[in-house]
Structure formats: C-alpha cells, structure tokens
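Overview (structure and organization)
So the chains spell out like this:
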Amino acid sequence: MQAKFQELKNRLIEVNDINAAAGVLHWDQSTYMPPGGAKARARQTATLSRLAHEKFTDVAIGNLLDTLTPYEKSLDYESDEASLIRLTRRKYERAIKIPAKFMAEVATHTSESYQVWTKARPANDFERVRPYLEKTLEYSRKCANFFPGYDHIADPLIEPRDFGMKAADVSRVFSELRKELVPIASAITSQPPADDSCLHKHYPETQQLDFGMVVAKKFGYDLNRGRQDKTHHPFMTKFSLGDVRITTRSKEDSLGEALFCTMHETGHALYEQGINMDFEGTPLARGTSAGVHESQSRLWENIVGRSKGFWNCFYPQLQKTFSEQLLPVSADEFHRAINKVERSLIRTEADEVTYNLHVMLRFDFELALLEGEMEIRDLPSAWRERFEADFGIVPPDDKDGVLQDVHWYFGLIGGSFQGYTLGNILAAQFYTSALESHPEIPNDIEKGEFQTLHNWLRNNIYRHGSKFTAPEIIKRATGKPMSIKPYINYLRTKYGELYSLN
Ligand code: ZN
C-alpha cells in the first residue's frame, strides 16, 4: 500500500509542477512581460493547464484511489495520508465530470469575453459585452448541470471555491448580516464623513513601498521565501512553499493604496507560508477555501492594520518617513482617515462596513441569473435599482455599475463573490478566538509585535493547508460553526468609537 500511496503522490506532484510553471508564466505576465508577449503567453498557459488537467484526470489516478480505499479507511481521519487521499478523491471526482472539450470551449470564450470587456468598460458600453455574458450564463448553467442532484444550481459553482458551503447557507448568513449591517452603515453614512485629505498629498512611491515591506516583515512575511513586485491588480501567488510572492500597486496621491494592498496580500502569503512543509507539491499545500483565505488577508489588513493600537506603534515611523506631509496630522486624524466610511460605487475601493453590501448584491444577482429569475439584459437596470435601495445613490453609468468587476467577464457566473464577505465574517471570528487564548495580543500589537497572533493562526489554521474543509477548520479553531456575532461586535466596537452609533 505504501508503494501505491507513493505512486499517487508522485503523480500529484507532477500535476502540481505543471500548474506551478503556469503560475510563474502568469506572474511574469502581470509584472514584467512586454505587451507583445500576450498572444503566445495565452497559448502557453492554455497548453500547460490542458496538460495538468489530462494528467490529473488520468484513469490511473482513479484506479489508485480505488486501490487505496481500504488503506485510507485503516488510517486516522486526521492523518496526512488519509487527508491527501480524501482531498484528491474529492477533486478527482469533480474534475472527471467536466469534459475537457467543455473546459477548452469555456477558456476560449472567457478570454474573448475578457478582451471585449476591457474595451466595453471604458466605453461604458454594456451592449457590446452583453452577448458574451449571455453565453457565459449558458456555460455556467451547463457546468452546474454536470453535477445533477444539487439543491441549488449555484451549489456546484460555489463548491470549488468554498467547499462545504451551499447557496442556501450563504444566503442565510448574508441575510442575517444584512439585517445588522444596513442600520450600522446608514447610522455612519448619515454623519459627516471623516476627512481623509491627509492621505491624498504627494507620497513618493519608493518610500511607500519600503514602508509596506517593513510592515510585511514585522507581520512575519519571510522574504527568504517571498518577494514583492508591482502589478496592476495586486495578488498573491505561490510556486512552492519556498516561494510565495505578492504584488502591490501604488498611487503617489494616495497613501493608503500600496500600504493596505501590501498588508492584504501579506495576509494571504502568511497563510501559504505557514503550511506544513511536508505537504509540498501535493494538493494539501494550499489554503482550504476562498473564504478562509480572504479571512487572513482581511484580518491582517483591517483588524490589525487599520487598528488604533497598530498605528500607536507605527504612526511615528510613518510620520518620520513622510515628515512634510504628515507632521501636521495627529495619529487620531490619521486613524479616522484610514477608516473613512462612505457610500461609494466601487466594490474594491469600499470600506470595511459597506463592502459587504457590494458583495451581497453580486451574490444575489448570481443566484437570480442562474435560477432564470433575471435576464442578462436586465442587469444594468437591476443594478441601478438595487444600488439605490442599498446605498442611497444611483451609479451614473454602467462603467462603475455592472461593468466594474472582471469576474463575470473572465469566468463563470456563480461562486465568485461570496468568499469576500465570508472572509470578513471569519476574520473577526478567528481573531476573537485568538484573543480568548491570548488576551495580551492587543498589547503586543501596540508594541509592534505580532508573533503570538501569527503563531495562533499558524497552529490553528495555516499549517493544516487543505487537510480540513472550511467548516472543519472553523470548528476546530474557534469551537463553533461560522457566526456573524464576532464580526458585528467588532464593527460596533470599532466604529462606535469613531462615529456615534445607535
Ligand atoms: Zn484577497
């Protein structure tokens, strides 16, 4: 059995290596590749992902999984070996249900759709991309229907990103959250907004990036196994557990941009760098779900990086770095500026409080489109209506309305947004549990020390990689299933101090 298990592992490592090579190509494309390389690069990555898919869906893997079933049953559920077999089986059974021909068709379609979107958005021309989006919706339904027996047609589309969550679970959590969130958001936004003009002076890029890396290293980002480069859309990517990279972007007239992007991606990177090294090259060596991953970027960016305690320690350094710009600004003013809450059009620029309303709108629309309750052609007007109801403002155009996010134009419809809000909810739940075990964490943060928090997260979440599903990790780490309570408490406490709430 040991030999069979080793054979399975070797095959999985080959698949991993092809995917890692594709990851390097993608990273290069987003950072340093000249535009002339785009066409061939698209072909090269398509070739690699086809090869990886073929290798992973090889019948030999299915046979090995069958042969290993008694071995798996003889092992402890929590053992690394049983977990690897279990996870591989889950992924294999999904992968073989989607025909390779369908995958290739979808890849060609979404890359065309993406090209059209890059022109349609600046031109504010939804009609131009509408036929592509209609086709995407068809493909999305078709994809879901490779998995008959679902409760909701969105379930099979949510599964690869947030396994263990169904559309009904997400809807229930979101509607609970919505009830709490709407009054908080409107109590805050009916007051005069915080003055954030101090963030919009001239801040030279090099100093911004250097300061961000000082913070990333303090959080625990290991630069022997990581690096940061610039890109248009920041992301974290991993080629192995020894090479976990982040990217950021900066604006010289906006101090928050690079700094909070860096903190966010560092959170993702800490998760990947914290995974048990023994898992290298196997499917266990990655974060367990989109929601849990996002909980880590949000925890480091928002709960730590936008806290009063953090800036009590770091603001004097920031002031020294940008003495001319920040000398007249007090730490309190700065703290209020980086936590400004306002009704805004763009999801990615939204604050901690209103952000989730952007996500819920998209999630509800995904369900309605998949159910056939909403047509693609109705999207722009439905967007405006819902936006007005939720935010009290109407987007002046589609460019900053339905055309703003790349997700639907570069992938399937369904499952692409819920992880962001699950991440916000879970960030607070994990942080609250860490505090229960280590009440000294806020004092540590004020001293610029993050080890206790980092260790708690590593021991309870990071090191397990994908051994456990998201619901299992949440239960193990916090003793409870997912709950919105810690998140609501966090928002009430923090924003109750910054604004008056009631
Ligand atoms: Zn993220």
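The text that follows walks through the structure, step by step, so that each part is easy to find. (Residues numbered from 1 in each chain as written. Predicted model: local features only at pLDDT ≥ 70, side-chain atom pairs only at ≥ 80, totals over all residues. Heavy atoms only, no water.)

1. Quick word on the coordination of the zinc ion
- The protein atoms that coordinate the zinc ion are H264 (NE2), H268 (NE2), E294 (OE) and E294 (OE), at distances of 2.1 to 2.8 Å.
- For the zinc ion, the four donor atoms are set out with angles of 49 to 125° between them, so the coordination reads as irregular.
- Written as a sequence motif, the donor residues of the zinc ion are H-x3-H-x25-E. A residue pair is termed long-range when its members are at least 10 positions apart, and H268 in helix α10 (residues 255-273) and E294 in helix α11 (residues 290-304) qualify at 26 residues. (Donors = N, O, S within 2.8 Å, 3.2 Å for Na, K, Ca; no water. Tetrahedral: all angles 85-135°; square planar, octahedral: opposite > 155°, others 65-115°. Helix = DSSP H or I, 4+ residues; strand = E, 2+ residues; numbered from the N terminus.)

2. A short note on the environment of L270
- Topologically, L270 is positioned in helix α10.
- Sequence-wise, L270 and D222 are 48 residues apart; in three dimensions their C-alpha atoms are separated by 8.3 Å.
- In this structure, L270 is in contact with F219, G220, Y221, W300, H454 and Y462, ignoring residues within four places of it in sequence. (Contact = heavy atoms within 4.5 Å.)

3. Re the sheet that holds strand β3 (residues 243-248)
- If you walk across this open sheet you meet the three strands as β1-β3-β2, and the pairing is mixed. A strand with exactly one partner marks an edge of an open sheet, and here the two such strands are β1 (228-230) and β2 (236-240). Between one strand axis and the next, the sheet turns through 30° on average, direction left out of account.
- Looking at chain direction, β1 and β3 are connected through three bridges and run parallel. The residue of β3 that forms the bridge with D229 is T247.
- Of the strands in this sheet, β1, β2 and β3 are in contact with helix α1 (residues 2-31), which crosses β2 at around 140°. (Pairing = 2+ DSSP bridges. Axes fitted to C-alpha atoms, helices over the stretch in contact; angles between N-to-C directions.)

4. Concerning helix α14 (residues 331-338)
- Listed as buried for α14 are F334, H335, A337 and I338. Buried residues in α14, looked at end-on, bunch into an arc of 160°, giving them a common side.
- Elements in contact with the buried residues of α14: α10, α12 (308-321) and α22 (485-498). (Buried < 20%, exposed > 50% of the residue type's maximum accessible area, 1.4 Å probe, protein only. Arc of directions from axis to C-beta.)

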